Amino acid sequence: MNFLIGAFKPACNISITFSDGKSRKQENGQTVMVPLFQSQENIAGKISIEPFQGKKIEHNGVKVELLGQIEMYFDRGNFYDFTSLVRELDVPGDIYERKTYPFEFSTVEMPYETYNGVNVRLRYVLKVTVSRNYGGSIVEYQDFMVRNYSPAPSINNSIKMEVGIEDCLHIEFEYNKSKYHLKDVIIGKIYFLLVRIKIKNMDLEIRRRESTGSGANTHVETETLAKFELMDGAPVRGESIPIRLFLSPYELTPTHRNINNKFSVKYYLNLVLVDEEDRRYFKQQEITIYRLQDS
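Just so we're clear, the structure is a prediction, and the values are computed from it rather than from any experiment.

The rules we used
Residues numbered from 1 in each chain as written. Predicted model: local features only at pLDDT ≥ 70, side-chain atom pairs only at ≥ 80, totals over all residues. Heavy atoms only, no water. Pairing = 2+ DSSP bridges. Helix = DSSP H or I, 4+ residues; strand = E, 2+ residues; numbered from the N terminus. Axes fitted to C-alpha atoms, helices over the stretch in contact; angles between N-to-C directions. Buried < 20%, exposed > 50% of the residue type's maximum accessible area, 1.4 Å probe, protein only. Polar contact = N/O pair within 3.5 Å; in protein donor to acceptor, adjacent residues only side chain to side chain. Contact = heavy atoms within 4.5 Å.

(A) Representation of the sheet that holds strand S19 (residues 240-246) in the model. The four strands lie next to each other as S13-S14-S16-S19, forming an open sheet whose pairing is antiparallel. Each having just a single partner strand, strand S13 (159-165) and S19 make up the two edges of the open sheet. Adjacent strand axes in the sheet meet at a mean angle of 20 degrees, parallel and antiparallel pairs treated alike.

Okay, here's the thing in structure tokens:
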């Protein structure tokens, strides 16, 4: 029995370290802290392979791959690669003792940010493979994260809309802009032009809508990330209510539009009015979220 257990132990230990791993900013991945990069950076480091005591590793070559992958949770285990780079580290041979290989991927194009959603995740990973004829190849993974930054938009129009129920309610509301960075503040105002129904309260919500798949296989998940009470009680005609909502406390990501034809992530401001009979009235407006260098 002990022999069988030993037979399934890996033949070696593989470690992957980044050249600037100690000084580079770390960010929390799904379970552990991992290095943070952005597109066009060099990704370099060392890979060490150390046979366990008394073992020799016969192999058909050693390689490292840099992969950008999308995984749909309803298709778990199948990864769609949108980036795939390979470096051959060693020709076929034997490894008797610890051996270290330097590697480098220069100015890597990483167009999409790391994303962990409800039904999908986008990840970047280094994959080391020691190819073998018998016992199966030995594989080790090292995740890292990518954050990409955008300049402030040169054009950022305000949003102006109306909410109306004929002869009962007429509201105008405006937001100061339509594109916001992750630490921004939503500033706006609501004007009551006609009020003939008894409004009990009014909230402003931030909603995230994640769409995955396509056609009949499209999955849509909507989360309410923030709920901000604007008013408690009945307004009167001519009244106006200011809006000031800080985004920094909330777990937002940038807007993602049709990433590799696999998924999208969009954000909406949802205005909710509730009358005294608990009827609810909605008005929704899409906004764009982006990441500034200091956000």
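(B) Local environment of the side chain of Arg291. If you trace the backbone, Arg291 turns up in the segment after strand S22 (280-290). Judged by relative accessible area, which is 11%, Arg291 ranks as buried. Of the polar contacts made by the side chain of Arg291, one reaches the side chain of Glu113; its length is 2.7 Å. Apart from the residues lying within four places of it in its own chain, the contact partners of Arg291 are Glu113, Arg147, Asn148, Tyr149, Ser150, Leu182 and Pro254.

(C) Structural context of the environment of Ile47. Note on placement: Ile47 falls in strand S4 (residues 43-51). For the pair Ile47 and Phe103, spaced 56 residues apart in the sequence, the C-alpha separation amounts to 7.5 Å. Those residues in contact with Ile47, other than ones at most four positions away along the chain, are Ile14, Ser15, Ile16, Val64, Leu89, Lys99, Thr100, Tyr101, Phe103 and Val128.

(D) Looking closely at the pairing of strand S21 (residues 263-275). The buried fraction of S21 is high, at 12 of 13 residues. As paired elements, strand S17 (residues 199-212) and S21 share 13 bridges and run antiparallel to each other. Pairing of Leu204 across the sheet is with Leu271, part of S21. In this structure, strand S20 (residues 256-259) lies alongside S21, joined through two bridges in antiparallel fashion. When the sheet's bridge partners are listed, Ile259 is paired in S21 with Phe263. Hairpin connection, S20 to S21: the antiparallel pair is bridged by three residues, and Asn260 has positive phi, about 55 degrees. Bridge count between S21 and S22: eight bridges; the pairing is antiparallel. The partner of Asn270 across the bridge, within S22, is Gln284. Hairpin connection from S21 to S22: four residues lie between these consecutive antiparallel strands, with Asp278 at a positive phi of about 60 degrees.

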